[in-house]
There are 2 protein chains.
Amino acid sequence: MTQYAAPTTDMKFVLNEVLQISKYSNLPGFSEVNEELLDAILEEGGKLAANVLHPINHSGDKEGCTRHDDGSVTTPKGMPEAYDAYREGGWQGLSFDPDYGGQGLPNVLGLAVSEMMSGANMAFAMYPGLSRGAANAIHAHGSDDQKSKWLPKMIAGDWGGTMNLTEPHCGTDLGLLKSKAVPAGDGSFKVSGQKIFISSGEHDLTENIIHLVLARIEGAPEGTKGISLFIVPKFLVNDDGSLGARNGVSCGSIEEKMGIHANSTCVMNYDEATGYLLGEENKGLKAMFTMMNEARLGVAMQGMAISEVSYQNGAAYAKERLQGRALTGPAEPDKPADPIIVHPDVRRMLMDQRAFTEGARAWIYWTALHGDLQELAEDEETRQKADDYMGLMTPILKSYLTEKGYWHATNAQQVLGGHGYIQEWGMEQFVRDARIALIYEGANGIQALDLVGRKLMKDGGRAWQSFFAEIDEFVADNQGNDELAPFLDGLKLAKERTEEATQWLAANAMQNFNHAGAGSMDYLNLFALNCLAYAWAMSAKSAIEKKGEGDFYGNKLVTGKYFLERILPDGAAYLEKIKTGADTMMALPAEAF
Amino acid sequence: MTQYAAPTTDMKFVLNEVLQISKYSNLPGFSEVNEELLDAILEEGGKLAANVLHPINHSGDKEGCTRHDDGSVTTPKGMPEAYDAYREGGWQGLSFDPDYGGQGLPNVLGLAVSEMMSGANMAFAMYPGLSRGAANAIHAHGSDDQKSKWLPKMIAGDWGGTMNLTEPHCGTDLGLLKSKAVPAGDGSFKVSGQKIFISSGEHDLTENIIHLVLARIEGAPEGTKGISLFIVPKFLVNDDGSLGARNGVSCGSIEEKMGIHANSTCVMNYDEATGYLLGEENKGLKAMFTMMNEARLGVAMQGMAISEVSYQNGAAYAKERLQGRALTGPAEPDKPADPIIVHPDVRRMLMDQRAFTEGARAWIYWTALHGDLQELAEDEETRQKADDYMGLMTPILKSYLTEKGYWHATNAQQVLGGHGYIQEWGMEQFVRDARIALIYEGANGIQALDLVGRKLMKDGGRAWQSFFAEIDEFVADNQGNDELAPFLDGLKLAKERTEEATQWLAANAMQNFNHAGAGSMDYLNLFALNCLAYAWAMSAKSAIEKKGEGDFYGNKLVTGKYFLERILPDGAAYLEKIKTGADTMMALPAEAF
């Protein structure tokens, strides 16, 4: 069976040495984070992940969720107890507003804890993950009354939360949605319609579930400009906070999926359910996007987290499994064969994965830190830059980390040979679970379109210009650091390629928008390599400074060099493909397919 | 639910126009293939695939195989009837020796028929596929008595066949195997041991199953030089051909796997089972490799076949699903939204897949044609060249077509968005089924090692030199064909890159074999691009000649151009990675993983 050990050493390296979060101790939340607290959080979180969540990962996949005739849903054996442990540990409020019961710690710490939970048990982590997303949306858009009514219980983990967007005929194109809301006369609405693919829509982990539901108020404009967002609780809540009557919302069925079987993916039926408008009328999409952006970062993290856990298990097998001899002569002549980690192609798969995972961790934590700075930084310039970065990085991270994370889970499975294909070994579950991350919260193609169609042009390109300027500054500041030189060269190369592609898009997309669409995914991947090259250059700088202090730092530099040698070269192909444009891609008539 | 339509138009294009199989009508087997017969075979095969095999593909996945307490295995509902239809149609003997009841048609035709069966129902097609492999091994290595005893029933489809290599502690490294054979005194042996991952090991489709089993004769040398191959039937066969006693072989359990659930993957226990030596004592691996090479080509074909069927279903969804508007303005303004095939990134996924699948088909059929020429060609030079090509291409095809086939099945699933993740839509099954092809018959890393460690150097590099010379000749012969020029340029570029990589390996691998291992997979992929570039150049040449005769040819040229623009550029990255060598890849000590 599989094992999970939270990668706390690497997490601390990123937080303390690469990002140097202690520099921000003037900011609320950060002021409380000393080394001792950080260690305690990562250690306790790691224990919960390894000892409580991971042991039910495989059994939960096998058993799946069960919907009963009354519409109730039972999660797999051990899930309620695991959720209780999570709730009682106070994990749900770690980085939430203390006014509503949270601990107010930085989001970047929250992300590290989420990584552990997702790596250990992705299907489990989705329950509290979606609740947090819903709570964040209420926090951002709710009235004071709404916040004090809903948030404390959600943050305590007593109540769950979900997001309800998709309908059978519309996922990406929400302008087509049909769910309706009719004013009830008392300020509330009666919400009716059907939603599909609702993760954590119904379950037995919490006493109430707070659904956030997109619907159209009767008489509202068609399309995306007539959509509002509603709070629709499973149980109505009395003024004293106690639970009232069951609301008109129920789970009609649960989907049989490729993976994440322990998370209930529900068809949710709303039948004149009482709902409360969240935010402004007809501005529901905007409010929902607050939640979506955070959710997208969370999904990106899932890709990286599954890559981490599958790497750990692939590497463990490679060190144990005896098969064949090293090409350079027996490595362990006293054994009947060498462990397969002596074979370069096995190394290739593991090093690919390691170089990706470690680089991705530094990059996504760096981004999450900007999420904190966007809220907390004292000067407007820093807040704006951080906000720009979050907007720019979110689609890139979501697509690149999920696609590569899936791919690397497949490679880790490959390390096990035939055993990788057998369910009881657990590797194939990582692949099946990771697969959803390329699809949900906006399929990856939508992320690519968001990048080239929206994020690049926003504010005259301020976000990417600011990012490139930061890279130039980093390169200039570190001239003369000979050991860092290959990383700076790689970073410059990655940036040149990205700039060239950006210019090509700027020059060609206006004549034909399809040129932008045709290159969007390759552009996203090229930009991702640029970000990873920066993450690795920052990591290498920190590792060089500490090189004498243990193997960890030397290994980090080797892994970074591997990134430069074996991952960065993909950029040349991405660039070349972008520059071929849309003509051939779009040439065939639809009926030729 | 999914559909399958055999791609007979493209198959005929490859067979008749690209390969021009009518040129070989002087050879046995080919002499019988006129256009009418070819049409009839492809049409009837296509009907069986579409109407009988595909309808039970999804239900078979859901139900899986069942092992009963007595060790018998029941295949899913409809499988025995489908197998009967296959058997009664005479499909099993299509390209087999007429002396044993086959029809003696070319192997390349057999491959086309196999593609249909695998595309329609991969788990089903494995049963007859493994039987054919076992029959081929008996045909190649058996005595006349053995051939007349076992082959007619196997070729009629009355008896099945399997290959038994893997044991719990050894898959790739067969030198470690422990199964034993003890002479019984009457010329037969008593075979004992446990084999795992035995596809089609036990089932209810045939009245007997002929297992080919690797085992070590008592007292034989250790390692790979002491392994022999045995025919071990499930039921002993009397001299009159009737079935005798049950032999000492049984299915101990069946594996729960990621996919191909309708194929029984068995743990087979041999307990003093009667076995008959096939071929020479201690030369079992060589005999088994006959079977393995054919099996590897068959697995490569599975990768392409799953890419085809998943493409068909992805494309069908993309033409129907309405979501969003074209970037260039509404394509179907009277509808609430445009079909998603208007979106460039959806096109990208479909065109990637199409350019891969069509190129791969031309390439693997071209290789299978050489399989025929190797046996049948009248001159020794042609036979030798064909044999060289088969040896060279087999590992490249096996790895590249299975990896990309899997990847494209994932992309086709992506086209469906959330529906792609739901079991009832059937797309995720293609991904799960396709996944095994990267692993079995030698994991892809083993193929890469076979290429750089064995096939490249064999006979002083005669195989690749001959292939490159053929490409040069093709390029020279077609100078002045302006429309073909971009394909010739792409082919030259691909060849230059492959040559550069070959030289790098030649110059560096002798100092350190790990340099060859470290670059082996990228080298294999680079070589594959070279082969695809050749397949596309040949296809384009044929399409240019027929351009006036229908849309098919124009569409073929567009798809070929897409290959040049969007797939060929990957070669630059492969080459760059190869040249970084093994030093960084192998730098970390094993305990650092």
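Read on for a plain summary of the structure.

Conventions we followed
Residues numbered from 1 in each chain as written. Chains lettered and ligands numbered in written order. Predicted model: local features only at pLDDT ≥ 70, side-chain atom pairs only at ≥ 80, totals over all residues. Heavy atoms only, no water. Helix = DSSP H or I, 4+ residues; strand = E, 2+ residues; numbered from the N terminus. Rg over C-alpha atoms; globule rule 2.2 N^0.38 Å. Buried < 20%, exposed > 50% of the residue type's maximum accessible area, 1.4 Å probe, protein only. Contact = heavy atoms within 4.5 Å. Areas by Shrake-Rupley, 256 points an atom, 1.4 Å probe, with all protein chains shown as cover. Lys, Arg positive; Asp, Glu negative; His and termini not counted. Charge placed at Lys NZ, Arg CZ, Asp CG, Glu CD. Salt bridge = Lys/Arg side-chain N within 4 Å of Asp/Glu carboxyl O. Buried area = accessible area lost by both parts, 1.4 Å probe. Polar contact = N/O pair within 3.5 Å; in protein donor to acceptor, adjacent residues only side chain to side chain. Axes fitted to C-alpha atoms, helices over the stretch in contact; angles between N-to-C directions. Parallel < 35°, antiparallel > 145°, perpendicular 65-115°, else oblique. Left-handed = near helix turned anticlockwise from the far one by under 90°. Nonpolar A, V, L, I, M, F, W, Y, C, P; charged D, E, K, R; others polar. Disulfide = S-S within 2.5 Å. Least-squares fit on C-alpha atoms with pLDDT ≥ 70 in both. Pairing = 2+ DSSP bridges. Core = buried A, V, L, I, M, F, W, Y, C linked by side-chain atoms within 4.5 Å. Phe/Tyr/Trp six-rings, centres within 6.5 Å; stacked < 30°, edge-to-face > 60°. Lys NZ or Arg CZ within 6 Å of the ring centre and 35° of its normal.

**A word on the overall build of chain A**
Right, on to step 1. Each helix and strand counted, chain A has 17 helices and 11 strands in total.
Right, on to step 2. Expected size for 593 residues packed as a compact globule is a radius of gyration near 25 Å; at 24 Å, chain A falls within 12% of this value.
Right, on to step 3. Dimensions of chain A, computed from C-alpha atoms along their principal axes, come out at roughly 80 × 60 × 60 Å.
Right, on to step 4. Per-residue burial over chain A gives 64% buried out of 593 residues.
Right, on to step 5. Pairs at least 24 apart in sequence give 74% of the contacts found in chain A among residues at least 6 apart.
Right, on to step 6. With an accessible surface of roughly 20300 Å², chain A has 48% of that area assigned to carbon and sulfur atoms.
Right, on to step 7. Separation of charge centres in chain A, based on 52 positive and 80 negative side chains, amounts to 3 Å.

**Examining the pattern of salt bridges**
Right, on to step 1. In the structure shown here, the tally under the stated rule is 78 salt bridges over all chains.
Right, on to step 2. The partner of Asp 10 of chain A in a salt bridge is Arg 361 of chain A, and the shortest N-O contact between them spans 2.7 Å. Here Asp 10 of chain A, found in helix 1 (residues 8–18), pairs with Arg 361 of chain A, found in helix 9 (residues 344–376); they are 351 residues apart in sequence, far enough to count as distant. Residues Asp 10 of chain A and Arg 361 of chain A agree in their burial class; the two are buried.
Right, on to step 3. Salt-bridge contacts for Arg 361 of chain B lead to Glu 115 of chain B; the nearest nitrogen and oxygen are separated by 2.7 Å. One end of the pair, Arg 361 of chain B, is in helix 9 (residues 344–376); the other, Glu 115 of chain B, is in helix 5 (residues 107–120), and 246 residues separate them in sequence. Each member of the pair, Arg 361 of chain B as well as Glu 115 of chain B, carries the same accessibility label: buried.
Right, on to step 4. Salt bridges here are not isolated pairs; linked through shared partners, they connect Asp 10, Glu 115, Glu 308, Arg 354, Glu 358, Arg 361 and Lys 556 of chain A.

**Looking at the interface of chain A and chain B**
Right, on to step 1. On the side of chain B, 96 residues touch chain A, which itself brings 96 residues to the contact.
Right, on to step 2. In total, chain A and chain B occlude about 8300 Å² of area from one another, counting both sides; carbon and sulfur atoms represent 59% of this.
Right, on to step 3. Together, Tyr 421, Arg 566 and Phe 593 of chain A form the three largest contributors to the area buried by chain A at its contact with chain B, with a combined 11%.
Right, on to step 4. The tally of links from chain A across to chain B stands at 55 residue pairs in polar contact (both at pLDDT 80 or more).
Right, on to step 5. Counting residues per element, the side of chain A that touches chain B draws most heavily on helix 15 (residues 513–545) of chain A, at 8 residues.

**Observations concerning the packing of helix 10 (residues 380–415) of chain A against helix 10 (residues 380–415) of chain B**
Right, on to step 1. Packing of helix 10 of chain A against helix 10 of chain B leaves a shortest axis separation of 13 Å and a crossing angle of 140 degrees. Taken together, the axes of helix 10 of chain A and helix 10 of chain B lie oblique to each other. The handedness of the crossing between helix 10 of chain A and helix 10 of chain B is right-handed. Each of Glu 403, Tyr 406, Trp 407 and Thr 410 of chain A in helix 10 of chain A lies in contact with helix 10 of chain B, whose residues at this interface are Glu 403, Tyr 406, Trp 407 and Thr 410 of chain B.
Right, on to step 2. Residues belonging to the contact of helix 10 of chain A with helix 10 of chain B are distributed by class as follows: 4 nonpolar, 2 polar and 2 charged.

**Description of the side chain of Lys 556 of chain A**
Right, on to step 1. Checked against the element boundaries, Lys 556 of chain A lands in helix 16 (residues 551–566).
Right, on to step 2. Filtering out sequence-adjacent residues up to four positions away, Lys 556 of chain A remains in contact with Asp 10, Phe 13, Glu 358, Trp 536 and Ala 543 of chain A.

**Let's talk about the state of the cysteines**
Right, on to step 1. Evaluation of the coordinates by the stated rule reveals 0 disulfides over all chains.
Right, on to step 2. Of the cysteine sulfurs around Cys 251 of chain A, a residue in no disulfide, the closest is that of Cys 266 of chain A, at 3.8 Å.

**Some words on unusual backbone geometry**
Right, on to step 1. Even without being a glycine, Ser 200 of chain B presents a positive backbone phi close to 60 degrees.
Right, on to step 2. Judged by its relative accessible area of 1%, Ser 200 of chain B falls in the buried class.

**What about the relation of the copies chain A and chain B?**
Right, on to step 1. Between chain A and chain B, which share one sequence, the superposing operator has a rotation angle of 180 degrees and an axial displacement of 0.0 Å; the RMSD is 0.0 Å. Between the two chains, the operation in question is that of a two-fold axis. It is Ala 573 of chain A whose C-alpha, among those of chain A, lies nearest the rotation axis, at 3.2 Å.
Right, on to step 2. Both copies present the same face, since 100% of the interface residues in chain A are matched by interface residues at the equivalent positions in chain B.

**Description of the pairing of strand 6 (residues 208–217) of chain A**
Residues and elements named next belong to chain A.
Right, on to step 1. The element strand 6 is extensively covered by neighbouring structure, given that 10 of its 10 residues are classed as buried.
Right, on to step 2. In terms of strand pairing, strand 3 (residues 159–164) meets strand 6 through 6 bridges, oriented parallel. Bridged to Gly 161 within strand 6 is Ile 210.
Right, on to step 3. In this structure, strand 4 (residues 180–183) lies alongside strand 6, joined through 2 bridges in parallel fashion.

**What to know about the packing of helix 9 of chain B against helix 15 (residues 513–545) of chain B**
Residues and elements named next belong to chain B.
Right, on to step 1. Running from N to C, helix 9 and helix 15 cross one another at 90 degrees; their axes reach a closest spacing of 8 Å. Considering the angle they form, helix 9 stands roughly perpendicular to helix 15. Two secondary-structure elements touch here, helix 9 through Ala 355, Glu 358, Gly 359, Ala 360, Ala 362, Trp 363 and Trp 366 and helix 15 through Ala 528, Cys 531, Leu 532, Tyr 534, Ala 535, Trp 536, Met 538 and Ser 539.
Right, on to step 2. Its residues assigned to classes, the contact of helix 9 with helix 15 comprises 12 nonpolar, 2 polar and 1 charged.

**Side note on the nonpolar core**
Nonpolar side chains in soluble globular proteins generally cluster together in the buried interior.
Right, on to step 1. Formed by 349 residues in total, the largest nonpolar core has its most connected members in Trp 363, Tyr 365 and Phe 467 of chain A together with Trp 363, Tyr 365 and Phe 467 of chain B.
Right, on to step 2. Residue contacts for Phe 467 of chain B: discarding those within four places in its chain leaves Trp 366, Tyr 389, Leu 392, Met 393, Phe 527, Cys 531 and Tyr 534 of chain B.

**Description of the packing of aromatic side chains**
Right, on to step 1. Per the counting criterion, the structure on display carries 52 aromatic pairs over all chains.
Right, on to step 2. Between the aromatic rings of Trp 150 of chain A and Tyr 276 of chain A, the centroid separation amounts to 5.9 Å while the plane-to-plane angle is 40 degrees, which identifies the pairing as tilted. Placement of the pair is Trp 150 of chain A in helix 7 (residues 144–155) and Tyr 276 of chain A in strand 11 (residues 265–278), with a sequence separation of 126 residues.
Right, on to step 3. With a relative accessible area of 1%, Trp 150 of chain A lands in the buried category.
Right, on to step 4. Here Tyr 276 of chain A falls in the partly exposed class, since its relative accessible area comes to 22%.
Right, on to step 5. Centroid distance Tyr 317 of chain A to Trp 425 of chain A: 5.8 Å. Interplanar angle 85 degrees. Geometry classified as edge-to-face. Of this pair, Tyr 317 of chain A sits in helix 8 (residues 284–320) while Trp 425 of chain A is found in the loop between helix 10 and helix 11 (427–435), placing the two residues 108 residues apart along the sequence.
Right, on to step 6. With a relative accessible area of 31%, Trp 425 of chain A lands in the partly exposed category.
Right, on to step 7. Above the plane of the ring of Tyr 276 of chain B lies Lys 149 of chain B, whose end atom (NZ or CZ) is 5.4 Å from the centre.
Right, on to step 8. Seen from the ring of Tyr 406 of chain B, Arg 435 of chain B lies directly overhead, with NZ or CZ sitting 5.5 Å from the centre.

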